[in-house]
Each structure stands twice: as C-alpha cells, then as structure tokens.
Amino acid sequence: MKKLFAAALLAVITLLPLNANAQRTEITASYGAYTQMDASDMKDGWDHVNTAWGALNLGVNFRVMRNIWIGPSYTFSSTTTKGGPHHSNIAYHAIMLNGRYHYYHNSIVTLYGKFGIGVEISHMQPRGHDSYNKSYCAFQIVPVGAQVDLSRQWAMFAEAGYGAQGIFQFGFKLRF
C-alpha cells in the first residue's frame, strides 16, 4: 500500500508543473452520506458497530487539461460500537488521489465523472486496551457528478457514486 501511495504522489508531483500556465486550482469541502467504511468491513472484524454519521471531505484539485482535473483529498469519519462494558470508538481517515473528467458543460452547469484511489486508516480505540491502526484500500467511483457555478470563484456540487467519500456527496468549491 505504501508503494501505491508513493507512486500516486510521484505522479501528481510530475504532472502538476506540465500545464502551469493553463492550470486552475480549486479547493473542495463536502459532506458524504453512507461511506465505503460502513458498507464493507473496514473495522477489523469488530462486532456491533454502529453506522457512521457520514464523512467530511476536503480536497485540492488542479486542472491539467481542458476537461481533466486531478488532486489529493482527505476524508474523516467515525463511529462507535453499541454500548456495554466494551463500548469503543473507531476513527476513519482516508487519503486519496482523485481524477475528474468533465463530459458536459454549459455556462452554468457541468456534468462529470470521478475516480479516486488511496488508503483508508481505521484507528481502533478499544476500551481497556491500546489503540491500533488497520489500513485498507480506499476508493471513490462517481459516474454522475453535477456542478453549478454560483460565481467565477464559487460553485456547489452534488455527486452520486460509491466509496470512502460517500454514496451521495454535497459540497462547495472555491476556485482561483
């Protein structure tokens, strides 16, 4: 997993300077509902785990070609086990490299698809025992995303897909 992350980071560092003059940058912040961590066993086999509250996502994207954007993102989520003497917590941290392709746009609306891959670290915090981490493959597949421009700098977006960032995602973008 470390080699995959290092290769992805190297690819970003290599590609970013290529189109420096034509490049735009954007910062994204969003909330995603029902994540990959809930849908699959990314909790080291712990029993009686509650559904997480969703995920908070932050990202930076760089336009590398006319319709292609890439950039890293960070996702945070957490959950608990059902009560009792062994009530415990799990914190999820996902770091991914995302790519986005705009397949339709007009002066206000942009439709796009997105794919992201990276690592998810589940921080296990059992009561009465030492905390520990487990790593899993994190991904995000979004066949349908829509962005509505509010101004030259601000846009809001919604995405439907599956992965660490959530099945449904809603957020804002600041472009500069």
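Residues numbered from 1 in each chain as written. Predicted model: local features only at pLDDT ≥ 70, side-chain atom pairs only at ≥ 80, totals over all residues. Heavy atoms only, no water.

This part takes up the nonpolar core. One finds M37, M42, W46, V49, I90, Y92, A94, M96, M124, Y136, A138 and A164 forming the largest nonpolar core, which totals 12 residues. Looking at this core, the elements with two or more residues in it are β4 (89-105) and β6 (132-149). A per-element tally of this core places β4 first, with four residues. (Core = buried A, V, L, I, M, F, W, Y, C linked by side-chain atoms within 4.5 Å. Buried < 20%, exposed > 50% of the residue type's maximum accessible area, 1.4 Å probe, protein only. Helix = DSSP H or I, 4+ residues; strand = E, 2+ residues; numbered from the N terminus.)

Glancing now at the pattern of salt bridges. Applying the stated rule across the entire model yields five salt bridges. As a salt-bridge pair, E26 and K173 come within 3.9 Å of each other at their nearest N and O atoms. Placement of E26 in strand β1 (residues 25-33) and of K173 in strand β8 (residues 168-175) is noted, with a sequence separation of 147 residues between them. Across this residue pair, the class does not change: E26 and K173 are buried. The structure contains a network of salt bridges with shared partners spanning E26, R100 and K173. (Salt bridge = Lys/Arg side-chain N within 4 Å of Asp/Glu carboxyl O.)

By themselves, these observations are geometric and do not establish any function.
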